[in-house]
Amino acid sequence: MKTVALLILLTLPILVYAQLEYDNTHDEDFSEIDSIVTTGDRELEYGLNGMIGSVTIDNQTYSQIRLMPEVIFGKIGIGLDIDILVDSEGKLRKEDWDEWRDYLYKVLYVRYGDREDRVYFKVGNIRDYTLARGLIFNRYSNMLLYPNVRNLGGFIGINSPLFGLGGELYTHNIYKNEIISARVHATPLSFTDVPYLTDFKIGINMGYDRNVYAKYPDKDEDGIPDVYDKFPNDRRIWLDTDNDGLPDYPFDATQASDDVTYDLDIAGLGNIDHPDDNPYIDVVFPGIVNNYPTFPYNSGFIRDYATPTNRNTEMKILSIDYKIPFVENYNLYLYNYGEFAQIKDYGSGFIFPGFGADFSIFNALLEFRSFGDKFKPGFFDGVYEEERCHVLYVYDN
């Protein structure tokens, strides 16, 4: 406990200096701190978020001190997430510090510039990514399951002076690259002197989920997600109705393996099953029913059933958008916009016309929207990581 006390003493001056506000209404067992401190120089900003309390991992409770400092200097921004877990003996949780990737995940984000700059990028955790007018990506977050799931995502973009030609690429995780987007845009009439049309911008956008079932890992790649695969490390077998360690014979005999010993008593009822309910009986004892017709076979029981998923199920969305600025000055920005999007196999929708106003203190939008029956606007949104797919359990008694 000496280590815990020392860490708290070292942290308190920082927290007091940042004029911390405690919030004890959080669902977890900690107090949340959220404070931003700025200097007189507009080029430098820094802030601190923090958490002090306890957390339980693998049935072990740890004292937690979590610091999330952020520094912004000009166009450069850096955020860190330093999570210190200490057990009852005052020892750090080694699992958080024993691999090089652990240190990489301590970086919350690194960014440079914004979407109006010639070159801009952001790497790390991105909580509100929006593409074009939002029909594809609308405030998508790769942090929904954070910190249990840490996605090291990022985007990079360019804007050239040649007809405003530019583009942007995004990925929710640079290791997996499962949820990605791409955009190409231009101001094709910038060479003219026609009012408003000079700044007319058009963009072509794409959103892509390479595998909507990737939310659930499938280590042995047998099409049965680990969440309901009783043998997640062996692609030959997956079900075990009575949980006795012997796999069920598959419903489709062509999926059976000759070198696997299957369960003769799938439901754990005490006798061997009838071949009509368990074809493996006829494999081991050919013609047993003809030889022992009065034997009390197990029959009429309900066994587990699982449907393999198509691990290559994808979701692709394309759109085209435009924007025409009307008024551009320091306090007011007025513009007209629209977007048309098509979800592969699920219809289309559009925004037209749309009008936007950015004032010095607030923003406002006025738009007409029309969507097909199967079209979902903002398909990749803030909760997509959770709603990406679901396992369906059906209980039949």
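Presented here is an overview of the structure given in this document. (Residues numbered from 1 in each chain as written. Predicted model: local features only at pLDDT ≥ 70, side-chain atom pairs only at ≥ 80, totals over all residues. Heavy atoms only, no water.)

Here we look at the overall build of the protein
Selection criterion: The secondary structure listing takes helices from DSSP runs of H or I that are at least 4 residues long and strands from runs of E that are at least 2 residues long, numbered from the N terminus. Exposed residues in this analysis have more than 50% of their type's maximum accessible area, buried residues have under 20%, and partly exposed residues fall in between, with area computed by a 1.4 Å probe over protein chains only. Throughout, a contact is declared for two residues whenever any of their heavy atoms are within 4.5 Å. The Shrake-Rupley method, run with a 1.4 Å probe, gives the accessible areas here. Residue values count only the displayed protein chains as cover.
Counting its secondary structure elements, the protein contains five helices and 15 strands. Across the 397 residues of the protein, 40% fall into the buried class. A separation of at least 24 residues holds for 49% of the contacts in the protein among residues at least 6 apart in sequence. For the protein, the accessible surface area stands at approximately 23500 Å², while carbon and sulfur atoms represent 56% of it.

A look at the pattern of salt bridges
Pairing is possible between side chains that carry opposite charge, provided their charged atoms lie close to one another. The test is simple: For this analysis, a salt bridge means a side-chain nitrogen from Lys or Arg found within 4 Å of a carboxyl oxygen belonging to Asp or Glu.
Counting across every chain of the model gives 16 salt bridges. The partner of D321 in a salt bridge is R183, with the nearest N and O atoms 2.7 Å apart. Of this pair, D321 sits in strand β12 (residues 315-328) while R183 sits in strand β10 (residues 179-186), and the two are 138 residues apart along the sequence. The same class applies to D321 as to R183, namely buried.

A look at the side chain of N173
Basically, it comes down to this: N or O atoms closer than or at 3.5 Å make up a polar contact, with two conditions inside protein: a donor-capable atom paired with an acceptor-capable one, and, for residues adjacent in sequence, both atoms drawn from side chains.
With respect to the secondary-structure elements, N173 resides in the loop between β9 (166-171) and β10. At a separation of 2.8 Å, a polar atom in the side chain of N173 contacts the main-chain amide nitrogen of Y175. Beyond its immediate sequence surroundings of up to four residues, N173 is in contact with R150, N151, L152 and G153.

Here we look at the environment of Y62
For Y62, the position within the fold is in strand β3 (residues 60-73). As for Y62 and R93, which are separated by 31 residues in sequence, their C-alpha atoms are 8.3 Å apart. Residues within four places of Y62 in sequence aside, it is in contact with G53, S54, V55, I57, L85, V86, D87 and R93. In terms of polar contacts, Y62 uses its side chain to reach the side chain of Q60, at 3.3 Å.

Section: the environment of G77
Relative to the helices and strands, G77 is located in strand β4 (residues 76-80). Its relative accessible area of 0% is what places G77 among the buried residues. Between the C-alpha atom of G77 and that of Y46, which follows or precedes it by 31 residues, the distance is 9.4 Å.

Some remarks on the packing of aromatic side chains
What counts is decided by this rule: Note on ring pairs: Phe, Tyr and Trp rings are taken, using the six-membered ring of Trp, and paired if centres are within 6.5 Å. Classes follow the plane angle, with under 30 degrees stacked, over 60 edge-to-face and the rest tilted. Either the NZ atom of lysine or the CZ atom of arginine qualifies as a charge over a ring when it sits within 6 Å of the ring centre and within 35 degrees of the ring normal.
Scanning the entire structure with this criterion turns up 28 aromatic pairs. Between F251 and Y305 the ring centres are 4.9 Å apart and the planes differ by 80 degrees, which places this aromatic pair in the edge-to-face class. Here the residue F251 occupies a position in the loop between β11 (201-209) and α3 (280-284), and Y305 occupies one in the loop between α4 (288-291) and β12, the gap between them amounting to 54 residues. With 6.4 Å between their ring centres and 45 degrees between their planes, F350 and F368 make a pair best called tilted. Of this pair, F350 sits in strand β14 (residues 348-359) while F368 sits in strand β15 (residues 363-371), and the two are 18 residues apart along the sequence. Residue classification places F368 among the partly exposed residues on the basis of a relative accessible area of 47%. Among the aromatic residues, ring-to-ring pairing joins Y120, Y129, F137, Y140, F155, Y170, F379, F380 and Y384 into one connected group. Positioned over the ring face of Y109 is K122, at 4.8 Å from the centre of the ring. Above the face of the Y337 ring, R133 is positioned so that its terminal group lies 4.1 Å from the ring centre.

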